[in-house]
Amino acid sequence: MLGFKRLGLLAALVLVGIAPAAAAHAAAQPSQQDTQYLQAIHQVNLFEISKGELAGQKGQDQGVKNLGQQIGTDHTQLDETVQQVANQLGVELTSELTADQQDATDQMNNASGEEFDQLWVTSNLTAHVQAIQATQTEISQGSDSSVIELAQTALPTLQTHYDELVELANQLGVPVPQSSGTGTPSPGMTTPGPGTTSESPAPGSTTESPAPGGGTGTPAPGVS
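Here is what the cut-offs are and how they apply
- Residues numbered from 1 in each chain as written.
- Predicted model: local features only at pLDDT ≥ 70, side-chain atom pairs only at ≥ 80, totals over all residues.
- Heavy atoms only, no water.
- Helix = DSSP H or I, 4+ residues; strand = E, 2+ residues; numbered from the N terminus.
- pLDDT = per-residue confidence, 0-100.
- Contact = heavy atoms within 4.5 Å.
- Core = buried A, V, L, I, M, F, W, Y, C linked by side-chain atoms within 4.5 Å.
- Buried < 20%, exposed > 50% of the residue type's maximum accessible area, 1.4 Å probe, protein only.
- Salt bridge = Lys/Arg side-chain N within 4 Å of Asp/Glu carboxyl O.
- Axes fitted to C-alpha atoms, helices over the stretch in contact; angles between N-to-C directions.
- Parallel < 35°, antiparallel > 145°, perpendicular 65-115°, else oblique.
- Left-handed = near helix turned anticlockwise from the far one by under 90°.
- Nonpolar A, V, L, I, M, F, W, Y, C, P; charged D, E, K, R; others polar.
- Expected span 1.5 Å × (residues − 1).
- Polar contact = N/O pair within 3.5 Å; in protein donor to acceptor, adjacent residues only side chain to side chain.

Draft legend 1. Up close: the environment of Ala-104. Note on placement: Ala-104 falls in helix α4 (residues 99-110). Sequence separation between Ala-104 and Lys-51 is 53 residues, and the spatial gap between their C-alpha atoms is 9.8 Å.

And the structure:
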């Protein structure tokens, strides 16, 4: 009987130890904002890496080739951190481009010369405007410190890419489009064609966005 009592006591102690651990795990679940941002920025990274490769293969202007390589390298490095944070928080990430991203890729694959360069620059400008806005929202509205720190690290790189893309667009005579969307995107964002513009706060400025679940529409991740 004494042995059974000891076993019962040990079992109780194990359960007492498990309960706080389970509660801690539940409390560690990322917020909707943090989850959406990780998924969105990962989707952006997938597309930017893919477009960087395309720029090297099909770019006519050397500036497109050079910047494409740099953007692809930077987003590859950024995505390594994104995947690490997502794994720690149990956030599932995709390995595929969205339908809209694939459509944009097909358009670029079917283009050549100056047309390709224009499509590529326009797509990247729009993508980086939306990624910057989503990153600013995460910094101001995120909950998990690791995701916020990721966003803070990503923002200067995204801003540098945008500035370099604007400079390249000016050199090539490509209009600079801006997305009117704010907040965390979700996969499936579409890219307006060259020459399409819309009013939007300039990247780098602060914008007030509604908290996740608010009444304002939220653009979709995987900026294209």
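The rest of the description comes next.
Draft legend 2. Representation of the confidence of the model for the protein in the model. Summing up the model confidence of the protein, the mean pLDDT is 78 and the portion of residues at 70 or higher is 67%. Throughout residues 9-16 the model reports pLDDT below 50, and contacts reaching past four residues in sequence, or to other chains, amount to 0 contacts.

Draft legend 3. Structural view of the nonpolar core. Core analysis: the largest hydrophobic core is formed by 38 residues, its most contacted members being Tyr-37, Leu-38, Ile-41, Trp-120 and Val-121. Counting residues per element, the ones that place at least two in this core are α2 (32-58), α3 (62-89), α4, α5 (113-141) and α6 (145-172). Non-local contacts of Leu-38, meaning those with residues more than four positions away in its chain, are made with Val-82, Val-85, Ala-86, Leu-89, Val-91, Leu-93, Val-147 and Leu-150.

Draft legend 4. The arrangement of the environment of Leu-172 in detail. In this structure, Leu-172 sits in helix α6. Separated by 55 residues in the primary sequence, Leu-172 and Asp-117 place their C-alpha atoms 8.5 Å from one another. The residues contacting Leu-172, other than those within four sequence positions of it, are Asp-61, Val-64, Asp-117 and Val-121.

Draft legend 5. Region of the structure containing the pattern of salt bridges. Using the criterion set out here, one finds 1 salt bridge in the structure. Close ionic contact of Glu-48 with Lys-51 constitutes a salt bridge, the shortest N to O distance being 3.0 Å. Placement of both Glu-48 and Lys-51 in helix α2 is noted, with a separation of 3 residues, approximately one turn of the helix. Of the two residues, Glu-48 and Lys-51, neither departs from the other in class, the shared state being buried.

Draft legend 6. Layout of the environment of Val-174. Tracing the chain through its elements places Val-174 in the segment after α6. Spatially, the C-alpha atoms of Val-174 and Leu-119 are 9.1 Å apart, while their sequence positions differ by 55 residues. Excluding anything up to four places from it in sequence, Val-174 contacts Gln-118, Val-121, Thr-122 and Ala-169.

Draft legend 7. Spotlight on the packing of α2 against α3. Running from N to C, α2 and α3 cross one another at 155 degrees; their axes reach a closest spacing of 7 Å. The orientation of α2 with respect to α3, classified from their angle, is roughly antiparallel. With respect to the hand of their crossing, α2 and α3 are arranged in left-handed fashion. The residue makeup of the contact of α2 with α3, split by class, is 12 nonpolar, 11 polar and 3 charged.

Draft legend 8. Quick look at α3. For α3, spanning 28 residues, the distance from its first C-alpha to its last is 41 Å, which sits close to the expected 40 Å at 1.5 Å a residue. The backbone nitrogen of Gly-63 has a side-chain oxygen 2.7 Å away, supplied by the residue at the start of α3, namely Asp-61. Downstream of α3 by one or two residues, Gly-90 has phi in the positive range, about 70 degrees.

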